[in-house]
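Understanding the architecture of this molecule
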Amino acid sequence: MLEIKNLHAELEEEGKKILKGVNLKVGAGEVHAIMGPNGSGKSTTSYVLSGRDGYEVTEGEALLEGENILDMEPEERAAAGVFLAFQYPVEIPGVGNMTFLRTAVNAQRKARGEDELSAGDFLKEVRAKAKSLQIDADMLKRPVNVGFSGGEKKRNEILQMAMLEPKLCILDETDSGLDVDAMKLVSEGVNALRDENRSFVVITHYQRLLDHIKPDFVHIMYNGQIVKSGGPELALEVENNGYSDLIAEVEAG
Amino acid sequence: MSRAVLKQRKLEATSERLAGNDIPKGAAWANDIRQDALQRLLSMGLPQGRDEYWRWTSPSDLTAAQPKSCEPFVDDEEAVFASIDAINITFVDGVFDQAQSDDRGATGLEIGRLQDALSADIHWVKENFSVLEKRAQDAVERPLGVYNTAFATDGLVIKVVDKVEKPVNITYIHNDATSDVVLRHIIKIEEGASFTLLETGASGARSNLAIEVDIAEGAAFNHIRTQGRDHERTALSHIFASIAKESTFKSFTLTANGQLTRNESFLDVNGDDAVAHIAGACLGDGDFHHDDTVFITHDAVNCESRQVYKKVLRNGAKGIFQGKILVKDGAQKTDGYQISQGLLLDDDSQFLAKPELEIYADDVACSHGSTVGAIDEQALFYLRSRGVSKEDATDLLTLSFLAEAIEEIEDEQISNCILERLEMWLSKRKGA
Ligand SMILES: Nc1ncnc2c1ncn2[C@@H]1O[C@H](COP(=O)(O)OP(=O)(O)OP(=O)(O)O)[C@@H](O)[C@H]1O
Ligand SMILES: [Mg+2]
């Protein structure tokens, strides 16, 4: 599904190097967790994959089903199947959540040469999916993320993901700011989308999310690289011992 | 050159410019009012670019002897307020058009034509004509408002005596490449009555439109207008309002296109517990100059005023805002709010704002803010990451930016008319 090869990226303006050779292979249907200390480059990886301005890729590539996505516009990547659930979802006053969702769904359908969803079908689908995430009608009507609580914003991200049915879902700290019940709800939302043709990259600091969304692989990112990969047990190790041993191991070479 | 000399030159230019212009004929009292206006204008002088109030908008196209020629405008869109059940009235190049207008009768409402009113020996308009225009001169000189009093040839006189549900919907059609339109509407809303006025169009190659609206105790005036796609025209408008005790004034203007538009308003809040809200949203592209100049006077206790102006500008378009809140001595508990914002879609466009507060009462809450900025990159990326194209995302953020102004429209049906029109204009733009 996704193959990141030797990805180097720096900040366009300052020239500061952030990603220093990321390698990652995510097979179809797999769930990969990325952990790592603050500032190690996890969010940057997700931004570079989804096409945010401000980063310059100096080396390497990222292939989605064999196609390099790094030259595409963000909307083209979205249409190709990339979805990023933001660490900090953006508020957009004056644009109804529903309008936004419909615009996004139809834009992607159009880009893929499919017919737009009729207003009725769209409504039915949104309502059903919103309900399972306990997003009420009022939240659908309100402007995108405006006045939403932290947890509501995260649920709203998952609703968008459910509506857009991407191939590659990147979740950046979707668990932060969620209470125990919301964490369950969001995880169920994610698990409901698990499919042999859909892959997940879950960025998190905590094992507890991985209790709900069971990863096939766990990677540790440090200083712009993936320095260690393993199975779910790696996350438990981090949970128990933190990163210091791992980092010491890496620094020792 | 000294001030006196400049003023002298200005007055000479004005009298030269007006030399051939005769005031329209009417009843003796109307002639007196018009003659008085002409004299006031001659001693005030027509505005010039060096006048402080016209610093950012050159008045020369508005004051020139002839309007800039401007091809008739063929509007291929359905009328903005077509879906609203209203009393429809049409003016073509500034002349009332009976054939395209509904029967003017309605309960609670008396509608007549300006020239009929000004020709009658006895008419209620006698007590109103020019009163509010003159009051506005005390704050800042508005010679083109005086010009309107002297030379307006047509318009409506409307007396509202009850709560009237059906709006009056005026459509201005521009058919003649050289039409120079001077229109005046005089509206009197009596105690406890309420009235909605809708306006669409730009009325002529050049237009000078003034509305005097006198809102009595406990009465309400709602005003929503669109200044449409007729790009070449030059348009000037004045709203002169008197807002009495416990009454409400609400006005919203949507402008898209227009080489030159200046909308002035003078809102005199003079009775306790009154409310005055005025808002504008504009979309400018290219050779576009749009000026909102607002003056609100608070002269009573516990009143509220709001000004919400938003301008989206691209390809060198220019947006101007001059807004002043004057709180007179004794106007305690005044709540005055003013926001003006420009969204520049490129580096060529310009938004200039002059917010002013002048306060002589000690127990008031007034705030004003003015910002100018580009599109929010974070929001743009967020939308694009969901598959929305850059263009569509920009449009959504444009609507998002304008939303605060559009939300000032209370009536949902009318506000939907405005939103639909905006969305249509944005999507048409993409087709082009
Ligand atoms: N726009 C930017 N300007 C300046 N520094 C940046 C910018 N974007 C990222 N960085 C820096 O790049 C490094 C990696 O940041 P990134 O957000 O990818 O870390 P992270 O692994 O997601 O951390 P966290 O766990 O705290 O979310 C940090 O040192 C950060 O300060
Ligand atoms: Mg991060």
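Cut-offs used in this document
Residues numbered from 1 in each chain as written. Chains lettered and ligands numbered in written order. Predicted model: local features only at pLDDT ≥ 70, side-chain atom pairs only at ≥ 80, totals over all residues. Heavy atoms only, no water. Contact = heavy atoms within 4.5 Å. Buried area = accessible area lost by both parts, 1.4 Å probe. Salt bridge = Lys/Arg side-chain N within 4 Å of Asp/Glu carboxyl O. Polar contact = N/O pair within 3.5 Å; in protein donor to acceptor, adjacent residues only side chain to side chain. Near = heavy atom within 4 Å. Areas by Shrake-Rupley, 256 points an atom, 1.4 Å probe, with all protein chains shown as cover. Helix = DSSP H or I, 4+ residues; strand = E, 2+ residues; numbered from the N terminus. Pairing = 2+ DSSP bridges. Axes fitted to C-alpha atoms, helices over the stretch in contact; angles between N-to-C directions. Donors = N, O, S within 2.8 Å, 3.2 Å for Na, K, Ca; no water. Buried < 20%, exposed > 50% of the residue type's maximum accessible area, 1.4 Å probe, protein only. Parallel < 35°, antiparallel > 145°, perpendicular 65-115°, else oblique. Left-handed = near helix turned anticlockwise from the far one by under 90°. Nonpolar A, V, L, I, M, F, W, Y, C, P; charged D, E, K, R; others polar. Phe/Tyr/Trp six-rings, centres within 6.5 Å; stacked < 30°, edge-to-face > 60°.

Section: the interface of chain A and chain B
- The partner chain B presents 17 residues to the 30 residues of chain A that form the contact.
- The junction of chain A with chain B conceals about 1900 Å² of combined surface from both sides, 65% of it contributed by carbon and sulfur atoms.
- Between chain A and chain B we count three salt bridges in total.
- Residue Glu75(A) is joined to Arg384(B) by a salt bridge in which the shortest nitrogen-to-oxygen separation is 2.7 Å.
- Here chain A is connected to chain B by eleven residue pairs in polar contact (both at pLDDT 80 or more).

Thoughts on the site of ligand 1
Residue and element names in this part refer to chain A.
- In the vicinity of ligand 1 there are 16 residues, among which Gly 39, Lys 42, Ser 43, Thr 44 and His 205 approach most closely.
- The separation between an oxygen atom of ligand 1 and a polar side-chain atom of His 205 is 2.9 Å.
- Protein contact buries 65% of the 640 Å² of open area that ligand 1 shows by itself.
- Top element by residues in the shell around ligand 1 is helix 1 (residues 42-50). It accounts for three residues.

Notes on the sheet that holds strand 19 (residues 365-373) of chain B
Residues and elements named next belong to chain B.
- Strands sit in the order 2-1-5-7-9-11-13-15-17-19 across an open sheet of ten strands; the sheet is mixed. A strand with exactly one partner marks an edge of an open sheet, and here the two such strands are strand 2 (95-96) and strand 19.
- Relative to strand 13 (residues 275-285), strand 11 (residues 248-256) runs parallel, the two being bridged by nine bridges. Across the sheet, residue Ser 251 finds its bridge partner in strand 13, namely Ile 278.
- The strands touched by helix 8 (residues 390-406) are strand 11, strand 13, strand 15 (304-314) and strand 17 (335-344); relative to strand 15, the strand with the most contacts, the crossing angle is about 160 degrees.

Focus on the coordination of the magnesium ion (ligand 2)
Residue and element names in this part refer to chain A.
- Summarising the metal site, the magnesium ion (ligand 2) is bound by the protein donors Ser 43 (OG) and Gln 87 (OE1), whose distances to it range over 2.0 to 2.4 Å. Linking Ser 43 in helix 1 with Gln 87 in the loop between strand 6 (82-85) and strand 7 (92-96), this pair joins segments that are 44 residues apart in sequence.
- By relative accessible area, which is 19% here, Ser 43 ends up buried.

Quick word on the packing of helix 6 (residues 150-164) of chain A against helix 7 (residues 180-193) of chain A
Residue and element names in this part refer to chain A.
- Close contact between helix 6 and helix 7 brings their axes to 10 Å; oriented N to C, the two are set at 15 degrees. Considering their axes alone, helix 6 and helix 7 lie roughly parallel with respect to each other. Note on packing geometry: the crossing formed by helix 6 with helix 7 is left-handed. Between helix 6 and helix 7, the residues in contact are Arg 155, Ile 158, Met 161 and Ala 162 and Leu 185, Val 186, Gly 189, Val 190 and Leu 193, respectively.
- Residue classes in the contact of helix 6 with helix 7 are distributed as seven nonpolar, one polar and one charged.

Focus on the packing of aromatic side chains
- The tally for this structure, following the rule as stated, stands at 13 aromatic pairs over all chains.
- Seen from their ring centres, Phe195(B) and Phe221(B) are 6.3 Å apart, and the 25 degrees between their planes marks the pair as stacked. You can see Phe195(B) sitting in strand 7 (residues 194-200) and its partner Phe221(B) sitting in strand 9 (residues 220-227), a full 26 residues away along the chain.
- The structure contains a cluster of three or more aromatic residues connected by ring pairs, namely Tyr47(A), Tyr55(A), Phe86(A), Phe100(A), Phe381(B) and Tyr382(B).

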